[in-house]
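The residues making up each chain are set out below.
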Amino acid sequence: MRRLLAPFTGQVTMHRLVSVALGSIALAALVQSALGVLAFDLAEVTVSLAVSMGAALLTGWLVPKALGVRPHLESSLVTGLILFLVLWPESSLTGLLALAVAASLATLSKYVLTWRGRHVLNPAAFALVVVGVAGIASPSWWAGSASLLPLVAVAGYLVVRRLGVFSFVGVFLLVSGGINLYTTAASGIPVVEAAWTVLASSPMLFLAAFMLTEPLTTPPRWWQRVAVAATVGVLDGVVFTFGPVYSSPELALLAGNLLAFAFGQRHGVRLRLLSRHEPAPGTVELVLSASRPLRFEAGQYLELSLPHARPDSRGTRRMFSIASPPGNPDEISLAMRLPENPSSFKRAVTALEPGQELHATGISGDFVLPSDPAAPVLMVAGGIGVTPFASMAAEQPGRDAVLVHCVNDPADLTHTEVFSKAGTRVVIVCPDPRAGQTASAAATTSAASTSPGTQASWASASTRTASAALNLLEGLPENAVYGGPHLATALGEHVPDLAERTAYVAGSPAMVTATRRTLRLLGARRVRVDAFSGY
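Read on for an overview of the structure. (Residues numbered from 1 in each chain as written. Predicted model: local features only at pLDDT ≥ 70, side-chain atom pairs only at ≥ 80, totals over all residues. Heavy atoms only, no water.)

**A short note on a nonpolar patch on the surface**
Taken together, the side chains of Leu27, Val31, Leu35 and Val37 present a nonpolar region at the surface, about 400 Å² in accessible area. With respect to the helices, strands and loops of the structure, valine 37 is situated in the loop between helix H2 (14-34) and helix H3 (42-67). By relative accessible area, valine 37 is classed as partly exposed at 48%. (Patch = residues over 30% accessible without salt bridge, like charges linked within 9 Å, V, L, I, M, F, W, Y side chains within 5 Å. Areas by Shrake-Rupley, 256 points an atom, 1.4 Å probe, with all protein chains shown as cover. Salt bridge = Lys/Arg side-chain N within 4 Å of Asp/Glu carboxyl O. Helix = DSSP H or I, 4+ residues; strand = E, 2+ residues; numbered from the N terminus. Buried < 20%, exposed > 50% of the residue type's maximum accessible area, 1.4 Å probe, protein only.)

Dropping the structure here:
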């Protein structure tokens, strides 16, 4: 079950999820071609797949080596799979050479068509436009065939769900699908048949799930994504020709990429570690200086990139909410939780010494406070999910805000001084340490009567832990109260005006889902969420 849930909980990276999804579609294409379902034979599909992936991987290894940077072969694999599923399978030497050129060009563009560390154009779409205009190859988008539709839909759903961009994809599908449906039905085809034709013989789903959603070419804010999705949808649906340039899905996507690049902060930023400390056991906070001022709003997150030796399956990039307020754009702080078996990325980050550098590859997010400073808010945090709320509180002290912080132990509380200084009311939800103290005392008595050795020592340690937790609760600042072990009870008792507040929830995906449901049952009308997928 844990492996089945991995795509939703962050146990695998986005690159791994996308490569597995695309690989599954490619495998299905091999099977269908062997069974005669597709219009080309097994040899064409097999050779084309090998050439596309081989050229992308080879280029993705040689170019970084020449530039002195670490190769990212899984990214090259994704590019090779996309081009394989878009360009018509070939067995001729000329056709295979065209496929190799497209794959190499797409991979090369990742290192050439950049601006201050950021992609400008989707690599696969750029290569498709170039080979199409040059007459080298004609993209067919055969992955949009009816026989592959079910798998494309399921695999695409997993990717879109993991990214949380349903509205982004939905706007594109609505606009592009609507235009295509209108033009198809206008030719005299019945509406139902026209709808099936658009769905089963169009690359819309594939384009939306695997190319439109590429994070490095996606704008940072929701309204910007809507504008990009609508633009790509219109250009994908309208037919036009201008010299050697003609309307196509890849050209529509490039136009959307340029619009996305025009929005927000579209460049990478070098960050230098200033200091590192532990605000709570198992939690690390980093203070970093930026090479150029960072433009962000309280509640937004950035993506950190730290190439390191022998990265595990979760890769070399992670997203973290910014814990500091926007008032000092040259210096930011980030906090992360270190589990017992941290990822290779977190081990590499926590091993950095002051003065060493890492990179931020983008700032995004719509998890920001209402524009009206008088609007009351409720913040519900699960563990380290409190970091965006710390940024919000520090930016707008005195705001009518209530923070409900859910932790497993009072020792896990962080940023308490920030909320105290801001005047934010804090409600702590955690297991009652007094109950644990009673249970531990009973265990100590029992253990001592049966085995005065190891068991008694363990029970005594548990008693001390419960006692320390109780002392923490008894020493809470004036703005904080203990709300008990149950979230619903704490909300009902300490936030009676919940329905009048805009609620924000940040934490693990499971915590966010359960909390949103609880808030809805208690009458919350506006709930905004920010889930951390395994970071």
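**Regarding helix H9 (residues 191-200)**
Listed in full, the buried residues belonging to H9 are Ala194, Val198 and Ala200. For H9, the elements touching its buried residues are helix H7 (149-163), helix H8 (166-186) and helix H10 (204-212). (Contact = heavy atoms within 4.5 Å.)

**Structural notes on the packing of H8 against H9**
Interaxial distance between H8 and H9 falls to 9 Å at its minimum, and their mutual angle equals 130°. Taken as axis vectors, H8 and H9 run oblique relative to one another. With respect to the hand of their crossing, H8 and H9 are arranged in right-handed fashion. Residues Gly177, Asn180, Leu181, Thr184 and Ala185 of H8 touch H9, and the partners they reach there are Val191, Ala194, Ala195 and Val198. (Axes fitted to C-alpha atoms, helices over the stretch in contact; angles between N-to-C directions. Parallel < 35°, antiparallel > 145°, perpendicular 65-115°, else oblique. Left-handed = near helix turned anticlockwise from the far one by under 90°.)

**Quick look at the layout of surface pockets**
As a volume, the second largest pocket reaches approximately 360 Å³. Lining of the second largest pocket is provided by 21 residues; of these, Asn180, Pro203, Asp236, Ser248 and Pro249 occupy positions nearest its centre. Of all the elements in the fold, those that place two or more residues in the lining of the second largest pocket are H8, H9, helix H11 (222-237) and helix H12 (249-262). (1 Å grid on protein atoms, 1.4 Å probe; cavity = no way out; pocket = protein on both sides within 12 Å on 5 of 7 lines; lining within 4 Å. Points joined across faces, edges and corners; volume = space filled by probe spheres on them.)

**Section: the pairing of strand S13 (residues 425-429)**
A regular strand places its side chains on the two faces of the sheet in alternate fashion. In terms of burial, S13 is largely enclosed, as 4 of its 5 residues are buried. Judged from the 5 bridges that link them, strand S12 (residues 401-406) and S13 form a sheet pairing that is parallel. Bridge assignment links leucine 403 to a residue of S13, and that residue is valine 426. Taken together, S12, helix H15 (residues 416-422) and S13 form a β-α-β motif whose crossover is right-handed. (Pairing = 2+ DSSP bridges. Right-handed = clockwise from strand over helix to strand, strands pointing away.)

**Some details on the pattern of salt bridges**
If you walk through the whole model with that rule in mind, you get 9 salt bridges. Among the ionic pairs, aspartate 366 bridges to arginine 221, the shortest N-O distance being 2.7 Å. In this pair, aspartate 366 sits in the loop between strand S10 (357-364) and strand S11 (377-382) while arginine 221 sits in the loop between H10 and H11, placing the two residues 145 residues apart along the sequence. Summarising the burial analysis for this pair, aspartate 366 and arginine 221 share the class buried. Linking arginine 270 and glutamate 357 is a salt bridge whose minimum nitrogen-to-oxygen distance equals 3.1 Å. Residue arginine 270 is found in strand S5 (residues 269-280), and its partner glutamate 357 is found in strand S10; the two are separated by 87 residues along the sequence. The partly exposed category is assigned to arginine 270, whose relative accessible area is 42%. Taken together, the salt bridges that share partners define one network made up of Arg221, Arg225, Glu297 and Asp366.

**Side note on the sheet that holds S10**
Taken together, 6 strands build an open sheet; the order of strands is S8-S7-S10-S5-S6-S9 and the sheet is antiparallel. The open sheet is flanked by strand S8 (317-321) and strand S9 (331-337), the only strands paired with a single partner. If you compare each strand with its neighbour and ignore which way they point, the axes differ by 40° on average. The pairing of S5 with S10 spans 4 bridges and is antiparallel. Each residue of the ladder has a partner; that of arginine 272, found in S10, is glutamate 357.

**Considering the environment of leucine 258**
As for its placement among the helices and strands, leucine 258 is situated in helix H12. In this structure the C-alpha to C-alpha distance between leucine 258 and asparagine 122, which are 136 residues apart in sequence, comes to 9.8 Å. Among residues more than four places away in sequence, those in contact with leucine 258 are Val120 and Leu121.

**Things to note about the packing of aromatic side chains**
Going through the model one piece at a time under the given rule, you end up with 10 aromatic pairs. Both rings, one in phenylalanine 206 and one in phenylalanine 210, keep their centres 5.2 Å apart while their planes meet at 45°; by these two values the pair is tilted. Highlighted residues: phenylalanine 206 and phenylalanine 210, both in helix H10, separated by 4 residues, approximately one helical turn. Of the two residues examined, phenylalanine 206 and phenylalanine 210, each falls in the buried class. Members of the aromatic cluster, each reached through a chain of ring pairs, are Phe40, Phe84, Trp88 and Trp142. (Phe/Tyr/Trp six-rings, centres within 6.5 Å; stacked < 30°, edge-to-face > 60°.)

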